[in-house]
Amino acid sequence: MRSQFFGNLEQGQVPGHFTLQNSKMLRVHLNGEVLARQGSMVAFQGQMEFDYEGSGGMGKFLKKAVTGEGVPLMRVRGQGLLFAANNADDIHLFYLENDGITVNGTNILAYDPQLQSDIQRVQGAGVAAGGLFNTTLTGTGWVALTAHGTPVMLDCGRAPTFADGQSAIAWSTSLQVGVNKTFKAGALIGRGSGEAMQLAYQGQGFVLVQASEGPPVIGEGGKGGLGGLLSG
């Protein structure tokens, strides 16, 4: 798996067509199709068509309805340059090579249509985690994710790794994920450290952590909902 924050990968270095116009805008050299977040197109040059992308069958539709996980997608077809962004969030690129990534669906900006997607539950998180769900993308191709603030990518193989449940936006599907064993239940009712959910990661792989707990959600007391975090 290859990834980068802001520089452009050399054209032709790997199959694909995702580069960064700048830290907050994705540029797709389109000659075929790409799946992108609905409403993320800010400009394009060339000939393109934009169509709503369905859930991919009744099974995925029910998963989205029950879990609230996933992101509304559009399928873009054509040739030319597509420019995409979302709320001026920072963008991080991954190139998967027969690999998998788990990501909070709300952080998906675009990905190659040949990648397989599914919604899974965090194994081992238990009831204390509220039943966390995330989207998994597997196969070979590009993935563009957004982050609220400049993210950091942590190598979980170097040391025990823990992250706030609202700040961790993606991680390797090879990792084992659970709740930090030192987590105190008092934090759930406002009498602990204020860190309501700490996820623990074990194994060889990475976790991508954004620089905040996400934009405030109206009705959540200024603290974003857990959204969905996935399984490895």
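Computed from a prediction, not measured in an experiment: that's the story for all the values here.

Caption draft 1: Focus on the overall build of the chain. Secondary structure summary: the chain contains one helix and 15 strands in total. Long-range pairs, those at least 24 residues apart, make up 80% of the contacts in the chain with a sequence separation of at least 6. On the chain, roughly 11000 Å² of surface is accessible, and the fraction owed to carbon and sulfur atoms is 53%.

Caption draft 2: Structural detail: the nonpolar core. Within the largest apolar cluster, 19 residues are counted, with the highest numbers of intra-cluster contacts made by F18, L26, V76, I91, L93 and A144. Contributing elements (two or more residues each) for this core: strand 2 (18-22), strand 3 (25-37), strand 5 (73-84), strand 6 (90-103), strand 7 (108-111) and strand 9 (133-147). The element contributing the most residues to this core is strand 3, with five residues. The next biggest cluster of nonpolar side chains, apart from the first, holds 18 residues, and it includes V103, Y111, L137 and A147.

Caption draft 3: Structural context of the pattern of salt bridges. Evaluated as defined, the whole model comprises five salt bridges. Close ionic contact of E33 with R77 constitutes a salt bridge, the shortest N to O distance being 3.0 Å. Of this pair, E33 sits in strand 3 while R77 sits in strand 5, and the two are 44 residues apart along the sequence. For R77, a relative accessible area of 31% corresponds to the partly exposed category. Counted as one network, the salt bridges with shared partners bring together E33, D51, E53, R75 and R77.

Caption draft 4: Broad picture of the confidence of the model for the chain. Across the chain, pLDDT averages 77, with 66% of residues at or above 70. Every residue in residues 4-15 scores below 50 in pLDDT, and together they form 30 contacts with partners more than four places removed in sequence or on other chains. A low-confidence stretch, residues 56-69 stays under pLDDT 50, and its non-local contacts, those more than four residues away or across chains, total 20 contacts.

Caption draft 5: Local environment of the side chain of D89. Along the chain, D89 turns up in the loop between strand 5 and strand 6. This buried residue, D89, is left without a salt bridge; K24 holds the nearest opposite charge, at 6.7 Å. If sequence neighbours within four positions are ignored, D89 has contacts with S23, K24, T146, A147 and H148.

Caption draft 6: View of the packing of aromatic side chains. Following the criterion strictly, the structure yields five aromatic pairs and no others. Ring centres of F94 and F206 lie 5.2 Å apart, and the angle between their planes is 20°; on these two criteria the pair is classed as stacked. Linking F94 in strand 6 with F206 in strand 15 (residues 206-209), this pair joins segments that are 112 residues apart in sequence. The class for F94 is buried, based on a relative accessible area of 0%. Taken together, the ring pairs connect F18, Y95 and W142 into an aromatic cluster.

The rules behind the values
- Position labels on residues start from 1 in each chain and follow its written sequence.
- Residues qualify for local features only when their pLDDT is at least 70, as the model is predicted, and side-chain atom pairs are given and counted only at 80 or more; totals for whole chains, interfaces and linings, by contrast, use all residues.
- Calculation of side-chain values draws on the structure's entire complement of heavy atoms; hydrogens and water are dropped beforehand.
- Under the DSSP-based scheme used, a helix requires at least four consecutive residues in state H or I and a strand at least two consecutive residues in state E, with every element numbered from the N terminus.
- Pairs of residues are marked as contacts when any of their non-hydrogen atoms sit within 4.5 Å.
- The accessible surface values rely on the Shrake-Rupley method and a 1.4 Å probe; as for residues, cover is taken only from the protein chains in view.
- Among buried residues, those of type Ala, Val, Leu, Ile, Met, Phe, Trp, Tyr and Cys that are joined through side-chain atoms within 4.5 Å constitute a nonpolar core.
- Throughout this description, buried means an accessible area under 20% of the type-specific maximum (1.4 Å probe, protein chains only), exposed means over 50%, and partly exposed covers the range between.
- The salt bridge criterion pairs a side-chain nitrogen of Lys or Arg with a carboxyl oxygen of Asp or Glu, the two atoms within 4 Å.
- Each residue carries a pLDDT score, the predictor's own confidence in it, on a scale running from 0 to 100.
- The charge count includes Lys and Arg as positive and Asp and Glu as negative, but it does not include His or the ends of the chains.
- Aromatic rings from Phe, Tyr and Trp, taking only the six-membered ring of Trp, are treated as a pair when their centres fall within 6.5 Å; an angle between ring planes under 30 degrees marks them as stacked, one over 60 as edge-to-face, and anything in between as tilted.

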